[in-house]
Amino acid sequence: MGSSGTRWKALPLCLALVVALQLQACLPACAAPPKTYIVQMATSEMPSSFDFHHEWYASTVKSVSSVQLEGEEEEGDDPYARIVYNYETAFHGFAAKLDEEEAERMAEADGVVTVLPETVLQLHTTRSPDFLGISPEISDSIWSAGLADHDVVVGVLDTGIWPESPSFGDKGLGPVPAKWKGLCQAGRGFTAANCNRKVIGARIFYNGYEASSGPINETTELKSPRDQDGHGTHTAATAAGAPVPDASLFGYARGVARGMAPRARVAAYKVCWAGGCFSSDILAAVDRAVADGVDVLSISLGGGGSPYYRDSLAIASFGAMQMGVFVACSGGNAGPDPISLTNLSPWITTVGASTMDRDFPATVTLGSGANFTGVSLYKGRRSSSSQERYPLVYMGGNSSIPDPRSLCLEGTLQSHEVAGKIVICDRGISPRVQKGQVVKNAGGMGMILANTAANGEELVADSHLLPAVAVGESEGIAAKKYSKTSPKPTATLSFDGTKLGIRPSPVVAAFSSRGPNFLTLEILKPDVIAPGVNILAAWSGDASPSSLSTDRRRVGFNILSGTSMSCPHVAGVAALIKASHPDWSPAKIKSALMTTAYVHDNTYRSLKDAATGKASTPFDHGAGHIHPLRALNPGLVYDIGQDDYLEFLCVENLTPMQLRAFTKNSSRTCKHTFTSPGDLNYPAISAVFAEQPTAALSVRRTVTNVGPPSSTYHVKVSEFKGADIVVEPSTLHFTSSNQKLTYKVTMTTKTAQKAPEFGALSWSDGVHIVRSPLVLTWLPPM
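Computed from a predicted structure; not experimentally measured.

This paragraph deals with the overall build of the protein. Helix and strand content of the protein: 20 helices and 39 strands. Summed over all atoms, the accessible surface of the protein reaches about 30600 Å², with 53% contributed by carbon and sulfur.

The following block contains the structure:
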């Protein structure tokens, strides 16, 4: 996502002026304003004439600066004033305000590795511990022994934190870990006293935002770590919130709210503001978090799908991985469209979203006697009587062209048409809860929120401002047909509270972004799925549960859905694993999560896709749904070091200069130990056949024994229509802890398939099952 501004928007005017005036007088007036660029530097190439990197960076900015008129002084003359950030830990370089010509010259300057334009990322917006099998007894026992030796810090990049939430109480926690180098940054509405032994760090990053969008409006937005949005508080509490009894949203989902790693520490890095989350700020936060001493990063953010070497978050997370930090990122909410994932780098754990076995049922009863089950979190003084029927109306027509009135958009509903009635509103364009506000403002009595084809039958509950029930596409069609064909259509809405034991569950959320990985087919994405639908967690005291400015309600906990919610589940479980295995690399933790994931729901059938109602595939659920207890004791793990990732990048055909985005110096060259990206020691195997009809492929994988020293594992592999699979050896005998053994998988095409085939390769010693998804894809001949 590069900048698209042009330097010559006023070119005709400039040409006219050139005739009459000096060219130099025109250029400053006609040039596009400077924009922020991220500049990565090869620190090993700093000339000896400089003592500090920031001096070198400023000199480099000055060397590419556009020539100013003689005697004219501008703010842009000072290279230090033009530098927005200096990066020094997970990433080396700086961010600076440059015009397009300066950026082009910067790319050619000595010591410069790459120049990336500023991009804007978006947020991918407690029963889950029980659903995941992490009871209080289990999670507490993980932390009980030698707690001081393995204090784990979860860094959350988001909208900040609401420190007064009881989810961030520090009762029972020891002193702040001695390794911690972070701080509690004061600002309006936030002081150092807002941190404690739970929230041990809080920082803000806004230089990139202000460089692009101008000063933050401090009358409406707090330039401090305080969370006015709620999203950051919710994700931090999901990952590592302390137990809070009797938590609920208006009585819904009542119970003990607790994070995945309730004794982990939290560090909040506020990178998102009213106008978005800017890549230079995110990069600065990752860089700072690694220097502060976080063990795990939870980043519920995403943007476009840039190549690895053009993705600043991919580059920064590579640096974090090198420092031993586990990075979890949300996969995005662009499902069920295929090839819609973000955060695709193999060193990032990419998380999709699933449902839990809890729901909030509500019922629509039509005058015809038909009953439709939907969902709702409505709980207000205003309630439709379950005994009384109200007139029902749908303002849309029969045309295939959407009618703004059918979508209940602002200003489209007339009081004389909807007053005192239940209004059917189609999903789309405007926020779901806002549609109810429009109905309410027009005098409507209630709302039936109908899914369209884009949402299918998946139901997401909302805390509506008037009696409202969300229903699936088929129920919506039936209700609309009834409203148009009955002479006096009526309906009643009723709300049934919280229901547990929903079957089937989990189900892959329809909104969860899908694979395959368009950057590298051989790297299966997403990696795993985790609860991301109707998640209860702590909330900001400054935000309403609906996030609408017209909503005056304030709550301590809120229920949200999105891969933003599934990401901190994985980050929190990673913290649990890190606490239990302090010496494990990020790749080992990721492997444990993937190889112990399950692919069957609570009806013992294959996981389903909410978008289709059919079985989901690894392009939807990755390795499967996380199983924290098994992940703590996986038996075998697939480890990957930085050299392996660099060899992976080498076979991705990066140029030597592009590779330096990750090597950070010019001395590292490709060893050519990989022949394809599939040679990376990934816990999933995705084979791509480019030749037909008798193509054969081989990949090798190396497993490390983290179970009993003496153990024997036997292999089991799925049968495929299109290929024969042979695993050599078929038995692995381990005689010591941390012993590594390698096996080879040979896949020989029998009959090329038009669609990918899915299966699994599993190793078992009778106690552990180490399962890897196995995907075969045949590309059409060129």
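The rest of the description comes next.
A few words on the side chain of Ser762. Checked against the element boundaries, Ser762 lands in strand E38 (residues 757–764). Apart from residues no more than four positions distant in its own chain, Ser762 is found in contact with His714, Val715, Lys716, Ile769, Val770 and Arg771.

The strands making up a sheet associate through backbone hydrogen bonding, with each pair oriented either parallel or antiparallel. Within the open sheet, the 4 strands sit side by side as E2-E3-E1-E4. Their pairing is antiparallel. The open sheet has two free edges, formed respectively by strand E2 (83–88) and strand E4 (112–117), since each of these has just one partner strand. Taken pair by pair, the neighbouring strands of this sheet meet at an average axis angle of 20°, ignoring direction. In this sheet, strand E3 (residues 92–98) lies alongside E2 in antiparallel orientation, the contact comprising 5 bridges. Counted as the bridge partner of Glu88 is His92 from E3.

The subject of this paragraph is the packing of helix H9 (residues 231–240) against helix H15 (residues 563–580). Running from amino to carboxyl end, H9 crosses H15 at an angle of 35°, the nearest separation of the two axes being 7 Å. Crossing hand, H9 versus H15: right-handed. Of the residues in H15, those in contact with His231, His234, Thr235, Thr238 and Ala239 of H9 are Ser564, Met565, Pro568, His569 and Gly572. Among the residues forming the contact of H9 with H15, the class breakdown is 3 nonpolar, 7 polar and no charged.

Another aspect to go through is the packing of helix H11 (residues 312–322) against helix H19 (residues 642–651). Where H11 meets H19, the closest approach of the two axes is 10 Å, and the angle between their N-to-C directions is 150°. Classed by the angle they form, the pair H11 and H19 counts as roughly antiparallel. Note on element contacts: H19 touches H11 through Gln642, Tyr645, Leu646 and Leu649, opposite Phe318, Met321 and Gln322.

Working definition of a disulfide: a covalent bond connecting the sulfur atoms of two cysteines. Following the criterion strictly, the structure yields 4 disulfides and no others. A sulfur-sulfur separation of 1.9 Å characterises the disulfide bridge that pairs Cys184 with Cys195. Between Cys184 and Cys195, the disulfide has an S-S torsion of 80° and is therefore right-handed. Here the residue Cys184 occupies a position in the loop between strand E6 (153–158) and strand E7 (199–204), and Cys195 occupies one in the loop between E6 and E7, the gap between them amounting to 11 residues. Judged by relative accessible area, Cys195 falls into the buried class, the value being 15%. Between the sulfur atoms of Cys408 and its disulfide mate Cys425 the distance is 2.0 Å. Here the disulfide of Cys408 and Cys425 is left-handed, its torsion about the S-S bond being about -85°. Highlighted residues: Cys408 in the loop between strand E20 (390–394) and helix H12 (415–418) and Cys425 in strand E21 (residues 422–426), separated in sequence by 17 residues. In terms of burial, Cys408 and Cys425 fall into one category: buried. With no disulfide of its own, Cys329 lies closest to Cys567 among cysteine sulfurs, the gap being 6.0 Å. Given the relative accessible area of 0%, Cys567 is considered buried.

Once that is clear, we can look at unusual backbone geometry. Following Gly335, the chain continues into Pro336 via a peptide bond in cis, with omega recorded as 5°. Within the secondary structure, Pro336 sits in the loop between strand E15 (326–330) and strand E16 (349–354). A cis amide bond, omega -5°, links Ser505 with the succeeding residue Pro506. In this fold, Pro506 is placed in the loop between strand E25 (499–500) and strand E26 (507–508). The phi angle at Cys408 is positive, at roughly 55°, despite the residue not being glycine. When its relative accessible area of 0% is taken as the criterion, Cys408 is described as buried. Phi angles above zero are rare outside glycine, and Asn653 is one such case at about 65°. When you line up the elements, Asn653 lands in the loop between H19 and helix H20 (656–663).

Let's shift gears to the nonpolar core. Counting residues in each nonpolar core, the largest one holds 148 residues, and the members touching the most others are Val286, Leu297, Trp347, Leu649 and Phe662. Tallying contributions element by element places H15 first for this core, with 10 residues. Aside from chain neighbours lying at most four places away, what touches Phe662 is Tyr308, Tyr309, Ala314, Ile315, Phe318, Gln322, Trp347, Leu646, Leu649 and Leu654. Formed by 25 residues, the second largest nonpolar core is a distinct cluster that contains Val699, Val703, Met747 and Trp778.

Below, the discussion takes up the side chain of Asp527. With respect to the secondary-structure elements, Asp527 resides in the loop between E26 and strand E27 (528–531). The class for Asp527 is buried, based on a relative accessible area of 0%. Here Asp527 is in contact with Ile348, Thr349, Thr350, Lys590, Met594, His621, Gly622, Ala623, Gly624 and Tyr682, once residues within four sequence places are set aside.

Right, let's get into empty space enclosed by the protein. One number sums up the size of the second largest cavity: a volume of about 60 Å³. Taken together, 12 residues form the lining of the second largest cavity, with Ser306, Asp311, Asn343, Leu344 and Leu519 sitting closest to its centre. Its residues assigned to classes, the lining of the second largest cavity shows 5 nonpolar, 6 polar and 1 charged.

You can see Ala461 is positioned in the loop between strand E22 (446–450) and strand E23 (468–471). Ala461 gets classed as buried once you look at its relative accessible area, which sits at 4%. Placed 99 residues apart in sequence, Ala461 and Ala362 show a C-alpha to C-alpha distance of 9.7 Å. With residues up to four places along the chain from it excluded, the contact list for Ala461 reads Phe360, Val375, Ser376, Leu377 and Asn534.

Applying the stated rule across the entire model yields 20 aromatic pairs. Between Phe318 and Tyr645, the ring centres sit 6.4 Å apart and the planes meet at 70°, which makes this aromatic pair edge-to-face. Placement of Phe318 in helix H11 and of Tyr645 in helix H19 is noted, with a sequence separation of 327 residues between them. Overall, Phe318 belongs to the buried group, its relative accessible area being 0%. Note on Tyr645: relative accessible area 3%, which makes it buried. Among the aromatic side chains, those forming a connected cluster through ring pairs are Tyr308, Phe318, Trp347, Tyr645, Phe648 and Phe662.

Take the sheet that holds strand E36 (residues 731–734) next. Spatial ordering of the open sheet is given by E32-E39-E38-E34-E36, a layout of 5 strands whose pairing is mixed. Among the strands making up the open sheet, the edge pair consists of strand E32 (685–689) and E36. Ignoring strand direction, the axes of neighbouring strands in this sheet form an average angle of 20°. In terms of strand pairing, strand E34 (residues 711–717) meets E38 through 4 bridges, oriented antiparallel. In the strand pairing of E38, His714 is matched with Ser764.

Here is what the cut-offs are and how they apply
Residues numbered from 1 in each chain as written. Predicted model: local features only at pLDDT ≥ 70, side-chain atom pairs only at ≥ 80, totals over all residues. Heavy atoms only, no water. Helix = DSSP H or I, 4+ residues; strand = E, 2+ residues; numbered from the N terminus. Areas by Shrake-Rupley, 256 points an atom, 1.4 Å probe, with all protein chains shown as cover. Contact = heavy atoms within 4.5 Å. Pairing = 2+ DSSP bridges. Axes fitted to C-alpha atoms, helices over the stretch in contact; angles between N-to-C directions. Left-handed = near helix turned anticlockwise from the far one by under 90°. Nonpolar A, V, L, I, M, F, W, Y, C, P; charged D, E, K, R; others polar. Parallel < 35°, antiparallel > 145°, perpendicular 65-115°, else oblique. Disulfide = S-S within 2.5 Å. Buried < 20%, exposed > 50% of the residue type's maximum accessible area, 1.4 Å probe, protein only. Core = buried A, V, L, I, M, F, W, Y, C linked by side-chain atoms within 4.5 Å. 1 Å grid on protein atoms, 1.4 Å probe; cavity = no way out; pocket = protein on both sides within 12 Å on 5 of 7 lines; lining within 4 Å. Points joined across faces, edges and corners; volume = space filled by probe spheres on them. Phe/Tyr/Trp six-rings, centres within 6.5 Å; stacked < 30°, edge-to-face > 60°.

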